[in-house]
Amino acid sequence: MSHHIANRLLLVLPGYSQLRAARAMPFLCIMCCLLMAPAQSAQQQGILYKFQKPGGETHYLFGTMHATDPRIINMLEHVAEPLAASQQLVMEMVPDVTAMISSSAGMLLPAGQSLQQQLGDELYVKVLAAVADKGLTDPVLQRLKPWAVAITIGLPELDGKFLDQRIYQLAVENGQQVYGLESAAEQTAVFDGLPLELQIRMLEDTLEQLSELPAMLEIMIKTYMARDLVKLQQLTLEYELSSADRSLADCFREELIVNRNIRMARRLASLLENGSSFVAVGALHLVDDSGLILALKQAGYQVESIY
């Protein structure tokens, strides 16, 4: 698999960008970078769009990457002005304290269960060795669900606030109202709904590719910086086609992308009635037949790429 799940999460699930050593932070923002179908049109060049209905208010749609890399954070210079010109910010999930607590709680196994029991001794020993440099001790690790461990291991180290948090901070400083299209519980449910065998396969896959993850991440960052959503889709399609576990790949695409796109588009429609909006979601939620760009066009909006 040439491009791992965790790196794709950086384009689809903002909360997951903060999963580090079981600390309280949402994590699903990273998952939004996961699996997408191939592009269906040439509309996928650009990560910042302006959209409006004839004679209506101007709104903006920005595809984020949930990362702290300085190159990604520098994208703020392109969004600060349109954000300030908007009445409200709409995000995948509001990254506040409530979301952090909910996300952290969602990572934990029910009382009386342990990770070692679910994985077996041999795999658990491998996992324990893999997290030795991430601050996860045995007592903490034992409390985590398999999918939470996979994401924690697979995510890059974070240095400060990731891009979505910076956008949120700017909106708060501007005195703007902030809305979320999803709750932390809804994002967690995506993973909790996976059968245990698929969660374990996800963890095994992460361990198998651990040494390759930095190079994979660099490819994703450079492609995002080039604002090439078509190539981002192609990278994720490579994973889908090369996956040894098609049931896992199919499940992730359906649950992490398609179903969430439909839900976000439905909720966004009503929020846009509140006034001019700056909408910030993982970049791969913009495209595809279920993406927000097509949904907005079908709702009568004129959509124009501006960066």
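Note that the structure is a prediction, hence the values are computed from the model and not measured.

Attention now goes to the packing of helix α7 (residues 121–130) against helix α12 (residues 196–208). Two elements in contact, α7 and α12, have axes separated by 11 Å at closest approach and are oriented at 50 degrees. By the angle class used here, α7 and α12 are oblique. Seen along the crossing, α7 lies across α12 with a hand that is left-handed. Side by side, α7 and α12 meet where L123, K126, V127 and A130 of the first sit next to I200, L203, E204 and L207 of the second. Along the lines of polarity and charge, the residues of the contact of α7 with α12 split into six nonpolar, no polar and two charged.

Right, let's get into the pattern of salt bridges. Taken as a whole, this structure holds 10 salt bridges when the rule is applied. Among the ionic pairs, R260 bridges to E92, the shortest N-O distance being 3.1 Å. Of this pair, R260 sits in helix α15 (residues 246–271) while E92 sits in the loop between β4 (88–91) and α5 (97–106), and the two are 168 residues apart along the sequence. One exposure class covers both R260 and E92, and it is buried. Of the charged contacts in the structure, one is a salt bridge between R201 and E208, with a shortest N-O distance of 3.2 Å. Among the charged side chains, a network of salt bridges with common partners joins D69, R71, E218 and K222.

Moving on to the nonpolar core. Generally speaking, a soluble globular protein has its nonpolar side chains buried in company with each other. Counting residues in each nonpolar core, the largest one holds 49 residues, and the members touching the most others are L61, F62, I167, Y224 and F278. With sequence-adjacent residues up to four places away left out, L61 is seen in contact with I47, L48, Y49, F51, V279, V281, L286, L292, I293 and L296. Core analysis: the next-biggest nonpolar cluster, separate from the first, contains 29 residues, L109, V149, L155 and V190 among them.

So, how was this worked out
- Residues numbered from 1 in each chain as written.
- Predicted model: local features only at pLDDT ≥ 70, side-chain atom pairs only at ≥ 80, totals over all residues.
- Heavy atoms only, no water.
- Axes fitted to C-alpha atoms, helices over the stretch in contact; angles between N-to-C directions.
- Helix = DSSP H or I, 4+ residues; strand = E, 2+ residues; numbered from the N terminus.
- Parallel < 35°, antiparallel > 145°, perpendicular 65-115°, else oblique.
- Left-handed = near helix turned anticlockwise from the far one by under 90°.
- Contact = heavy atoms within 4.5 Å.
- Nonpolar A, V, L, I, M, F, W, Y, C, P; charged D, E, K, R; others polar.
- Salt bridge = Lys/Arg side-chain N within 4 Å of Asp/Glu carboxyl O.
- Buried < 20%, exposed > 50% of the residue type's maximum accessible area, 1.4 Å probe, protein only.
- Core = buried A, V, L, I, M, F, W, Y, C linked by side-chain atoms within 4.5 Å.

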